[in-house]
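The lines below spell out each chain.
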Amino acid sequence: MGRVVITGLGPVSSIGTGAREFAAGLVDGRSGASPIQSFDSRGFPHVHACEVHDFAPAELLHRLRTNEWGRSGLFAAAAARLAVTDAGLDLGAVAPDRMSVAMGTTSGESQVVEALTAQIVAGGLESMSPALLEQHPAEQLGYAVSEELGVTGPVITLATACSASNYAIGHAYDLLAAGEADVVLAGGADSVCRWAHAGFYRLGALTESRCAPFDRDRAGILTGEGGAVVVLETWEHAEARGAQPYAELLGYGLNCDAHHPVAPNATSIAACMRLAHRNAGVEPDQIDYICAHGTGTAANDATEAQAIVDVFGAGAPPVSSIKSMLGHTMGAASGFGVIASALAVREGFLPPTINWRTPDPAFAGIDTIPNQARRATVRVVQNNGFAFGGNNAITVLGAVA
Amino acid sequence: MTSFAISGWGMVSAAGVGRKRFADAFDAPDGPVDVSGMYDDLPPGPAYALPSFNARELLGRKGTSFLDRATAMALVACEEALADSGLPLDRADRVGVTLGTTVGSLRSTSDYSRETLVAEKPYLVNPVLFPNTVMNCAAGQAGIRFGLRGVNATIAGGRLALLNALSYATGLLRRDHADALLVGSVEEFTPHTAWLTRLSTPDSVPGEAAGVFVVEPLDTAVAAGRRVDAEVLAVATGFAPGGEITAALATCVATALDRAGVAASEVRFVATGEASDRLESATLPDAERILVQESFGECHAGTGALQLAALLVTLGRAGSGTVGVLTGHTRRGGVGAAVIKGATACPR
């Protein structure tokens, strides 16, 4: 099986757009939280989210007509275009059928569905507009990337909720390692939407304005949005064109809790970690950093920490949650995790968990990199992704040897 | 070239529950039925739905009260498929699910969104229904119900959902991520899908379907003595930027046939998902066409499952070794094809 490398990063996020700005945001511990603007938040007790206020798709895209696609598709395509540019990849030099696209999402074109719902409320089901109906299927996210880049190879949209980017990037690994593609654009995208805000609030999982993973007094997530796409290539393809990879994708693992629709299961998550290690050919003591799922809910962080201790014992590496900065970007979250992990490996730093104030005794043995990014040699990173439906997906990255 | 077996399957469609009901309706379609009693807010006209579908009767009371229709249909189809194949679940950590969909349940999501707009307070939504708004709900529930801890995946693909799920699943099996997978696709019939069908493709009759197929390496199925309905020889998918679908689909079919080691002249049947647009008719012109829409309506993500089921029934009667192809496309430019070889000499 061939080796797979990450050669380009394309983040469109509330803390920065483009690899350089995003990296600076991570190093600075920038918060993407702000008062909600994309929907009418009156009547909600909590009114903060991590929206991408400055998203300007027309400036980032070369081919797509922005009025033909929903916000999530535009995030996906813009992130893919940024990644291709960052990779220094000349698309004209790659056979379009040797390229593939794999995108992950939780809610697809959620704002389109909300717009359709507003039409239904105002005028009944018969008043849904065909133009919006054409934009609403979640598979559009993959198509948006393929259309923007002119890719004719396989395109897939994995709708596995909040671990979906890891599924997509793992799928890219499989395609490339088997020689079925030379280049794959993979990642995820989602948009902030009112119903998710309401739903998480109603579950008691939405914090007011600060997302504080691993803090004793953590109160839940902030919803977030964006597009996180990376360029993955076979080692041979990258080497032949003189590309300088950020990191190598060593492998990934997938499993399912089969336990509860929303509550995570520590035993199953630990099993997924072991599976990822085995598939990536690494031992726990080789891992220098865990990019946590770290949503900031009481349940997730406790369960995730329990699984980490189960697998790593007393020797757990530092763990941080970039959701402290980005909020929970849903299907894009583990894609941002891969981007952060690749930057950690290449630039030699550990992203912080910001908003941390009070230690939780349950995490006594774990260094959660509170508040300040830190210089470090990072050779192997484990990037966690968990989700409703017990859909667990973990990717493992390594320094290019 | 590794080959994969379909060693059992289950179906919920307008024909009823189970593969026999499907085969009967495939032979002698009843036509769409009066669905006016199913919901308020339906557009006028009949549909290819199953008004008698009762989730609690079929699945029991425990854990079924809050399932949406798509999830319930998928669970019934999974249960049928597992029973049909006799697949043992002693290594449940190596058995998974890959389900195709359009947006999960548009009704669940839109109704939830609606509540935030019309309720007295925008956060007065029902927390129990929140998981139904997420597209991986059906696959996640299948994992829970049957204790399947292997790979659990949901793929958004609309008309191509089943082909995408099959491509993804065979890839997972080839790379040893799982021993067996329940591969399927599902679309429920609700006022939302009924209206979106009417508004988007006014000539179509809306329908619903959930089909699930047990897919595993051929060697494993044979060694375990499981009945092999058919082999999945190859799957190919692609995209046509700018929407030049006909040429892209032809390339896709050629790629799939090449991977399968099958010549176009050997293909006896083609199951397509289309009705009136006939974009797919240029491929394999000598093969006998199976148009599932004519018997089951426009079932969106359920279409692929109907196509595969129709092929299995047809190939099962045609004699072992008969080859059929499943083709699909979406308006935005996705294309796909799968090459299926019948294995069972006698239909069940």
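Anyway, here's the lowdown on the structure attached to this text. Worth saying up front: this structure is predicted, and the values here are computed from it rather than measured.

### Examining the overall build of chain B
Here is step 1 of the chain: When you go through chain B residue by residue, the secondary structure sums to eleven helices and eleven strands.
Here is step 2 of the chain: In terms of C-alpha radius of gyration, chain B reaches 19 Å, essentially the compact-globule figure of 20 Å for 348 residues.
Here is step 3 of the chain: Projecting the C-alpha coordinates of chain B onto the three principal axes gives extents of approximately 65 × 45 × 40 Å.
Here is step 4 of the chain: Here chain B, with 348 residues, has 66% of them falling under the buried criterion.

### Considering the environment of B:Ala14
Residues and elements named next belong to chain B.
Here is step 1 of the chain: Structurally, Ala-14 can be placed in the loop between β1 (4-13) and β2 (16-17).
Here is step 2 of the chain: Placed 191 residues apart in sequence, Ala-14 and Val-205 show a C-alpha to C-alpha distance of 12 Å.
Here is step 3 of the chain: Filtering out sequence-adjacent residues up to four positions away, Ala-14 remains in contact with Tyr-48, Ala-49, Leu-50 and Glu-208.

### Some remarks on the nonpolar core
Here is step 1 of the chain: Ranked by size, the top nonpolar core spans 135 residues in total, and within it A:Leu185, A:Leu232, B:Phe22 and B:Phe213 carry the most contacts.
Here is step 2 of the chain: When residues of this core are assigned to their parent elements, the largest contribution, eleven residues, is made by helix α3 (residues 71-87) of chain A.
Here is step 3 of the chain: Look past the residues within four positions of B:Phe213 in its chain and what remains in contact with it is B:Ile6, B:Gly8, B:Trp9, B:Leu162, B:Leu181, B:Leu182, B:Val183, B:Ala305, B:Leu308, B:Ala309 and B:Leu312.

### Concerning helix α9 (residues 245-260) of chain B
All names here are of chain B.
Here is step 1 of the chain: In this model, α9 (16 residues) spans 22 Å end to end at C-alpha, consistent with the 22 Å of a helix rising 1.5 Å per residue.
Here is step 2 of the chain: For α9, the complete set of buried residues consists of Ile-245, Ala-248, Leu-249, Cys-252, Val-253, Ala-256, Leu-257 and Ala-260.
Here is step 3 of the chain: Taken together, the buried residues of α9 touch β7 (230-239), β8 (267-272), β10 (323-329) and β11 (334-342).
Here is step 4 of the chain: Taken from the residues just after α9, Gly-261 is the one with a positive phi, measuring 70°.

### Considerations on the environment of A:Ala266
Here is step 1 of the chain: Within the element layout of this structure, A:Ala266 appears in helix α10 (residues 266-280).
Here is step 2 of the chain: Residue contacts for A:Ala266: discarding those within four places in its chain leaves A:Thr303, A:Gln306 and A:Ala307.

### Here we look at the interface of chain A and chain B
Here is step 1 of the chain: Taken residue by residue, the interface counts 73 residues in chain A and 63 residues in chain B.
Here is step 2 of the chain: Counting each side, the surface lost to burial between chain A and chain B is near 5600 Å², with a carbon and sulfur contribution of 65%.
Here is step 3 of the chain: Considering only the surface of chain A that becomes buried against chain B, A:Leu125, A:Trp195 and A:Arg202 emerge as the three largest contributors, covering 12% of it.
Here is step 4 of the chain: Viewed at the interface, chain B and chain A are joined by four salt bridges.
Here is step 5 of the chain: For A:Glu68, the salt bridge identified is with B:Arg332, shortest N-O distance 3.7 Å.
Here is step 6 of the chain: Residue assignment for the side of chain A that touches chain B shows that the elements contributing at least two residues are α4 (110-123), α5 (130-135), α6 (140-149), β6 (155-158), α7 (164-177), α8 (194-202) and β9 (247-256) of chain A.
Here is step 7 of the chain: Top contributing element to the side of chain A that touches chain B by residue count: α8(A), with eight residues.

### Brief notes about the pairing of strand β5 (residues 180-187) of chain B
Residue and element names in this part refer to chain B.
Here is step 1 of the chain: Counting buried positions along β5 gives eight out of eight residues, so the element sits mostly inside the fold.
Here is step 2 of the chain: By the alternation rule, side chains of β5 split into Ala-180, Leu-182, Gly-184 and Val-186 and Leu-181, Val-183, Ser-185 and Glu-187, which are all buried.
Here is step 3 of the chain: Looking at chain direction, strand β3 (residues 95-101) and β5 are connected through six bridges and run parallel. Its bridge partner being in β5, Val-95 is matched across the sheet by Ala-180.
Here is step 4 of the chain: Alignment of β5 against strand β6 (residues 209-217), held across seven bridges, turns out to be antiparallel. Within β6, the position partnered with Gly-184 by the bridge is Val-212.

### Quick look at a nonpolar patch on the surface
Here is step 1 of the chain: A surface patch of nonpolar side chains, amounting to about 210 Å² of accessible area, comprises A:Val121, B:Leu117 and B:Val118.
Here is step 2 of the chain: Within the secondary structure, A:Val121 is located in helix α4.

Rules of the game
- Residues numbered from 1 in each chain as written.
- Chains lettered and ligands numbered in written order.
- Predicted model: local features only at pLDDT ≥ 70, side-chain atom pairs only at ≥ 80, totals over all residues.
- Heavy atoms only, no water.
- Helix = DSSP H or I, 4+ residues; strand = E, 2+ residues; numbered from the N terminus.
- Rg over C-alpha atoms; globule rule 2.2 N^0.38 Å.
- Buried < 20%, exposed > 50% of the residue type's maximum accessible area, 1.4 Å probe, protein only.
- Contact = heavy atoms within 4.5 Å.
- Core = buried A, V, L, I, M, F, W, Y, C linked by side-chain atoms within 4.5 Å.
- Expected span 1.5 Å × (residues − 1).
- Buried area = accessible area lost by both parts, 1.4 Å probe.
- Salt bridge = Lys/Arg side-chain N within 4 Å of Asp/Glu carboxyl O.
- Pairing = 2+ DSSP bridges.
- Patch = residues over 30% accessible without salt bridge, like charges linked within 9 Å, V, L, I, M, F, W, Y side chains within 5 Å.
- Areas by Shrake-Rupley, 256 points an atom, 1.4 Å probe, with all protein chains shown as cover.

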